[in-house]
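Structure assessment
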Amino acid sequence: MKRKMIWCCAIAVIILVAGFGGYKMGLFEKILAPRQEVEQDESRAVADVVEGRELMAVVSTEEEAKEIASLYDIELVMYADGVAEYTTKEPLHEVILKGKEAGYPEVFVNLERNLY
């Protein structure tokens, strides 16, 4: 019985030391930090919006991609390997907001990130 108590105390100390060390090193900040919403404001984007293919969606088939285009009233530019790309003349944040409010399948801003 005494031996079990020693083992339990040793394990508890190890867990506490590991937890405190991880906290001090900042390992939990990413896990515990609240998720931040990505702003849809194109002027503040870190990356550039892809011209002519401003929106994208993950879909299973080309027919599903066409259906999303008709729902949002946007033009399907390309479908390949489960990714559909769309273009529109409307402001992107308005198109995305309209879809969220109506419960349509989600579309995203198609950003191009450059490594310098």
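So, a few notes on the structure that sits alongside this text. (Residues numbered from 1 in each chain as written. Predicted model: local features only at pLDDT ≥ 70, side-chain atom pairs only at ≥ 80, totals over all residues. Heavy atoms only, no water.)

A look at unusual backbone geometry
Keep this limit in mind: Secondary structure counts use DSSP, requiring at least four H or I residues in a row for a helix and at least two E residues in a row for a strand, with both numbered from the N terminus. Using a 1.4 Å probe on the protein chains alone, a residue whose accessible area is under 20% of its type maximum counts as buried, one over 50% counts as exposed, and one in between counts as partly exposed.
In this model, D73 sits at a positive phi of 60 degrees, which is unusual for a non-glycine residue. In this structure, D73 sits in the loop between α3 (62-72) and β3 (75-80). The exposure class of D73 is exposed, given its relative accessible area of 58%. One non-glycine residue, D81, lies in positive phi territory at about 50 degrees. Topologically, D81 is positioned in the loop between β3 and β4 (83-87).

Observations regarding a nonpolar patch on the surface
Heads up, the rule is: Nonpolar side chains (Val, Leu, Ile, Met, Phe, Trp, Tyr) within 5 Å and like charges within 9 Å form the patches, drawn only from residues with over 30% relative accessible area and no salt bridge. Per-residue accessibility takes into account occlusion by the displayed protein chains alone, with areas from the Shrake-Rupley method and a 1.4 Å probe. Salt bridge, as used here: a side-chain nitrogen of Lys or Arg that lies within 4 Å of a carboxyl oxygen of Asp or Glu.
A cluster of nonpolar side chains, contributed by W7, I11 and I15, occupies part of the molecular surface with about 360 Å² of accessible area. Mapped onto the elements of the fold, I11 is located in helix α1 (residues 2-25). The class for I11 is partly exposed, based on a relative accessible area of 47%.

Focus: the packing of aromatic side chains
What counts is decided by this rule: For Phe, Tyr and Trp, where Trp contributes only its six-membered ring, two rings pair if their centres lie within 6.5 Å, and the inter-plane angle classes them as stacked under 30 degrees, edge-to-face over 60, or tilted in between.
Taken as a whole and judged by the stated rule, the model has one aromatic pair. Judged by centre distance (5.3 Å) and plane angle (70 degrees), the ring pair of Y72 and Y104 falls under edge-to-face. You can see Y72 sitting in helix α3 and its partner Y104 sitting in the loop between α4 (92-102) and β5 (108-109), a full 32 residues away along the chain.

Examining the sheet that holds β3
Within a sheet, each strand pairs with its neighbour through backbone hydrogen bonds, oriented either parallel or antiparallel. What counts, and what does not: In this description, strands pair whenever DSSP reports at least two bridges between them. It only takes one pair of heavy atoms within 4.5 Å for two residues to be counted as in contact. Think of each axis as a best-fit line through the C-alpha atoms, taken over the contacting stretch in the case of a helix, with angles from 0 to 180 degrees between the N-to-C directions.
Across the sheet, which stays open at both edges, the four strands sit in the order β3-β4-β2-β5 with antiparallel pairing between neighbours. Of all strands in the sheet, those bounded by a partner on one side alone are β3 and β5. Sheet contacts for α3: β2 (55-58), β3 and β4; angle to β3, the most-contacted strand, approximately 160 degrees.

Some remarks on the side chain of N110
How we decide: Side-chain atoms alone can form a polar contact between residues adjacent in sequence; in general such a contact is a pair of N or O atoms within 3.5 Å, and within protein one must be able to donate a hydrogen while the other accepts it.
As for its placement among the helices and strands, N110 is situated in the loop between β5 and β6 (111-112). Of the polar contacts made by the side chain of N110, one reaches the side chain of E85; its length is 3.2 Å.

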